[in-house]
Amino acid sequence: MSDHLSGTRAVADPAIDLTDLYAFPSPSRPGRLVLVLDVFPSAWPGALFSDAASYRFRVRPVSVPMGHSGALFDVGADEFALTCTFSAPAGPDEDGRSAQRGTCVLPSGASVSFLVNDERGGEGDDVRCYAGLRLDPFFMDVAKEVETRASGRLAFVPQGTNPLEGNDVLTFVAELDAARVFGPAAGSVFAVAAETVTLGPYPVRLERLGRPEVKNILMSENGVDTANKIVDLRDLYNEEDPFRLGPTYLDAYRSRLNANLGFFDGLDGKLDWTAQPDGTHPLTELLLADFLVVDAAKPYAEDSYFEIEWALLEGREYTTCGGRSLNDDVIDTLYTLIVNAGHGPRVSDGVDGTVPALREFPYLAPANPYPPEQAATIPKAPANR
Amino acid sequence: MSGVTAADRAGGDLAGGPRTTAGVIAMGNLDARIEGLAAQAVPGRLTAAGWGELVELTALRGHVGGRIDEVERVAALADMFVDRAPGDPRPLLARAGVAAHFHRFAAALDDLEAAAVLGLDRCTVDVERAAVCQAVGRYDEAHALCRRALSRRRDFGTVAAMARCHADNGGAAHEADEAAEAETWFLAARRAYRGVSPFPLAILEFQCGRMWLVRGGPARARTWLESAVARLPSYVPALGHLAEADAAEGRRAAAVERLRRLVLVSDDPEYATGLARLLGGCGASAEARFWRARAAARYEELMARHPEAYVDHAAEFWLTVGGDPQRALRLSLQNLAHRPTPRARALVDRARCRVGQR
C-alpha cells in the first residue's frame with residue numbers, strides 16, 4: 001500500500017505515518033504548484049495531527065540532463081521548506097469534535113494559519129493551505145500485489161479489488177505560486193520530498209517519502225536479497241535525509257534494490273533490464289534519489305508519474321509535468337517499469353481508480369460520509385459494560 | 001549497564017523525557033484508528049497486518065482505559081485472527097499477548113512457540129517469553145532472554161523489557177539495588193524512544209512508578225506516575241496507582257477523590273476495593289459497604305471467567321475489605337500454585353496469619 005504502514009514506527013503511530021506524497025500543477029490555476037502529503041491510514045472522524053511533530057515538504061530546484069541516458073538528476077543545494085505544525089485541540093464543539101489549528105511556515109519565514117477540516121483553509125504570501133480528513137486517493141489491489149511477490153508470478157486479475165475503497169486519510173495540502181514563493185531563479189522543475197519530524201531541540205526524522213512504493217514494494221523483503229535476507233530496512237531508510245543518503249546503510253539499500261529489481265524483472269519470464277557485471281540494476285541509483293520530480297510550468301496531466309524519469313533514462317526530452325497527481329495509476333506505471341521496462345503491454349493490477357479527485361482546492365475528494373458500520377462479526381464488548 | 005550516565009545513576013531527570021503527542025489527540029486517534037480498522041474488517045478487506053494492529057490497539061485501549069471488557073473483546077478478536085491467517089505468526093503473537101494478560105501462561109508460551117516456528121523474529125519472541133517467565137517467577141530465565149534480545153537489537157523495546165525484568169525481580173537479594181538498576185534501565189529506555197506517540201512512554205513510566213510503589217517508594221513512584229498521567233490524562237491504571245501513592249503518603253482525601261472518578265469509568269474492581277478500604281478507614285461506612293459489595297460482585301464475575309488472572313487480586317480483596325480470610329487463603333494457595341512468585345508467597349503468609357495458621 002503506497003507508503004501506508006511502511007515500518008514499525010509508522011505502524012505504532014498513524015498520525016506520523018506518511019501514506020502518500022503528490023506534486024502536480026494545479027488543474028484549475030495554471031502556474032500554481034500543488035503539494036499534498038497524507039498521513040493516518042484508514043482514518044476516522046476525530047483523527048487529528050500530532051502536536052509533537054512537524055509535517056514538512058522539502059523542495060529543491062533540479063535540472064534534468066538531456067541526451068545522456070542513464071544520467072541522474074542534478075539536484076540543487078538550495079532548499080525551500082514548507083513546515084506545518086499543529087496545536088493541541090481546543091473544544092470540543094457542539095458536535096463533540098475538537099478544533100485543531102495548523103500553522104504552515106513558508107520559505108520566506110511568513111506563516112499561514114488555518115483550522116483543521118475547514119475547507120476554506122488559510123492563505124497568505126501566495127500560498128494556500130488545507131489540512132483535514134479526506135478520502136484516501138490511493139488505489140491498488142493489495143492482496144494480488146502481495147501474492148505476486150510471494151509467488152514470484154504476476155497474480156493480478158482484470159477486475160482487481162481496491163481494499164482502500166472508502167478509506168479516509170488526514171491530508172495536508174499546500175498550493176503555491178512557485179515562481180513567487182521559490183523565486184524565479186529556482187526555475188520550474190523541482191524535486192519534492194515529505195517528512196514527519198519530531199519537534200524539540202533534537203529533531204528526529206520519523207518518516208520520509210518520495211516516490212510511492214519504494215519502501216513497501218521495492219525495498220520490502222521478498223527473500224531474494226541474499227545480503228540482507230531477513231532484515232527490514234524500512235525504518236532505517238525512513239530516517240535518511242531524502243536528498244543525502246548517509247553512507248552507513250547505503251550499500252544495504254543498494255543490495256536490496258538490485259536484488260529485488262532483478263526479481264521483478266523476471267516476473268514475466270524474460271529479462272528486460274541489463275544489470276551491470278557487479279549486479280547493479282539500471283534503476284537502482286535513480287530510485288535511491290527518492291523524490292518526486294515535477295515541472296510546475298507544464299500543464300496539469302494525469303498518469304504523468306515517472307515520465308520525467310523515463311525521459312532521463314532514455315536520454316530524451318520529457319513532455320509532461322511529471323510529478324504525481326491524485327488520480328495517477330502509479331501501481332500500473334511502477335509494475336510496467338520494473339517488469340517489462342515498457343517493452344511489453346502495460347502491466348495492470350486491475351484497479352483503475354477510486355473516487356476521482358477534485359479539480360479545485362483542496363483537490364482531494366471529501367471524506368467518506370457514510371463510513372461502513374461495524375459488522376456483527378467483530379466482537380462487541382460484553383453486555384455488562 | 002553501559003551507556004548510562006552518572007546523572008541517571010543518581011536518579012536525576014526522573015520527570016520529563018521526550019515530548020509526545022497530547023493525550024487528547026492520541027486517545028482520539030486511537031479511537032479513530034480502531035474504528036477505521038474495524039470498518040475494513042467488515043467486508044473482509046483487512047490484511048493480516050491490519051488484524052494484528054486491530055488486536056493490539058484494542059488491547060492498548062483496554063489497558064489505558066482500565067476496561068477489562070475491552071480486553072475480553074480482544075481475546076475474541078485474536079481467536080478470529082488466528083482462524084483467518086493460520087500460516088501467519090502475527091495472529092499467534094497477538095493471541096499470546098492476550099493469553100498472557102489473562103495469566104494463561106501455558107497457552108501464551110504455546111502460541112509464541114508456534115509463532116517462532118512460523119518465522120516470527122527471535123528478538124520479539126524472546127521479549128514476549130521473558131514477560132511470561134517473569135510473571136511466573138522464573139526471573140533468571142527472563143533475564144537471560146532479555147539479555148539475548150538486547151544482544152540482537154538494542155532499542156526502546158528491548159531496553160524496556162530489561163527494565164521490566166529488573167523491576168519485577170522479586171527474588172533479588174538486594175531489593176534496593178535491584179530497584180535502582182531497574183530505574184536506570186527505565187531511564188535508558190526512555191532515552192532510546194524514537195517517536196511521538198505517548199502510549200509506549202506513558203506505559204513505561206507507569207511500570208516504573210508501579211515498581212516504586214511495590215518497593216515502598218511512594219514519592220519516587222509519584223514522579224513517574226505523574227509523568228505518565230501528564231502524557232495521558234485519562235490513563236486509568238496510572239491514576240489508580242497515583243491514588244495508592246496518595247494514600248501511602250497520607251493524602252487520603254485526594255486518594256478518595258481520584259478513586260471516586262475511576263470507579264465510574266473502569267470495570268476493574270481494584271478501584272472499588274481501594275475506595276471501600278479508604279472510606280471504611282475514615283468512617284464513611286455506608287459508602288464503603290456499597291463499593292465493597294460492588295467489588296465483590298465483580299470479582300465473582302471475573303473469577304468465573306478468568307480465574308487465573310484475578311485469583312491474586314480476589315485473594316487480596318477477601319483478605320482485606322472483603323472480610324473472608326478463609327476464602328482468601330484458598331485463593332492465595334491457588335495463586336501460588338499457578339505463579340510461585342515471592343509476592344504470591346507473601347500473600348499466602350498474610351492469609352495464614354489472618355486465619356491463625358501461623
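All of these numbers come straight from a predicted model, not from anything done at the bench.

On to the confidence of the model for chain B. A low pLDDT score tells you not to read the predicted coordinates there in detail. All names here are of chain B. In this model, chain B carries an average pLDDT of 91, and 94% of its residues clear a pLDDT of 70 or more. This model gives residues 1-12 a pLDDT under 50, and the stretch forms 20 contacts once residues within four places in sequence are excluded. Scoring the predicted complex yields pTM 0.90 and, for the interface, ipTM 0.87.

Each partner contributes to the interface: chain A provides 48 residues, whereas chain B provides 36 residues. Counting the surface lost from both chain A and chain B, the interface buries some 3,200 Å², and carbon and sulfur atoms represent 60% of this. If you look at where chain A meets chain B, you find zero salt bridges. The interface formed by chain A and chain B holds eight residue pairs in polar contact (both at pLDDT 80 or more) in total. Secondary structure elements with two or more residues in the side of chain A that touches chain B: α1 (8-12) and β2 (32-43) of chain A. The biggest single contributor to the side of chain A that touches chain B is β2 of chain A, with four residues. In terms of residue class, the side of chain A that touches chain B is made up of 30 nonpolar, eleven polar and seven charged.

Before going further, it helps to spend a moment on the domain arrangement of chain B. When the parts come together, some accessible area is lost, and that loss is often what is quoted as the size of the interface. All names here are of chain B. Considered domain by domain, chain B is made up of domain 1 (20-120), domain 2 (134-189) and domain 3 (295-357). The straight-line distance from the C-alpha centre of domain 2 to that of domain 3 is 27 Å. Taken together, the seven residues of domain 2 in the interface contact five residues of domain 3. It is Ala 135, Val 136 and Tyr 139 in domain 2 that bury the most area against domain 3; as a group they hold 75% of the surface buried on that side. On the surface where domain 2 and domain 3 come into contact, there are zero salt bridges. Joining domain 2 to domain 3, the criterion identifies one residue pair in polar contact (both at pLDDT 80 or more).

Residue and element names in this part refer to chain A. Contact geometry for helix α6 (residues 250-265) and helix α9 (residues 330-340): axes closest at 6 Å, N-to-C directions at 90°. Classified by the interaxial angle, the pair formed by α6 and α9 is roughly perpendicular. On α9, the residues touching Leu 261, Phe 264 and Asp 265 of α6 are Tyr 335, Ile 338 and Val 339.

This part is about the sheet that holds strand β1 (residues 18-25) of chain A. Residue and element names in this part refer to chain A. The five strands lie next to each other as β1-β2-β10-β9-β8, forming an open sheet whose pairing is antiparallel. Taken across any chain shown, the strands that pair with only one partner, and hence form the sheet edges, are β1 and β8 (122-124). Going across the sheet, the axis of each strand differs from the next one's by a mean of 15°, ignoring polarity. Judged from the nine bridges that link them, β2 and strand β10 (residues 168-177) form a sheet pairing that is antiparallel. Bridging across to β10, Leu 37 finds its partner in Phe 172.

Calculation notes
- Residues numbered from 1 in each chain as written.
- Chains lettered and ligands numbered in written order.
- Predicted model: local features only at pLDDT ≥ 70, side-chain atom pairs only at ≥ 80, totals over all residues.
- Heavy atoms only, no water.
- pLDDT = per-residue confidence, 0-100.
- Contact = heavy atoms within 4.5 Å.
- Buried area = accessible area lost by both parts, 1.4 Å probe.
- Salt bridge = Lys/Arg side-chain N within 4 Å of Asp/Glu carboxyl O.
- Polar contact = N/O pair within 3.5 Å; in protein donor to acceptor, adjacent residues only side chain to side chain.
- Helix = DSSP H or I, 4+ residues; strand = E, 2+ residues; numbered from the N terminus.
- Nonpolar A, V, L, I, M, F, W, Y, C, P; charged D, E, K, R; others polar.
- Domains from an automatic or database assignment.
- Axes fitted to C-alpha atoms, helices over the stretch in contact; angles between N-to-C directions.
- Parallel < 35°, antiparallel > 145°, perpendicular 65-115°, else oblique.
- Pairing = 2+ DSSP bridges.

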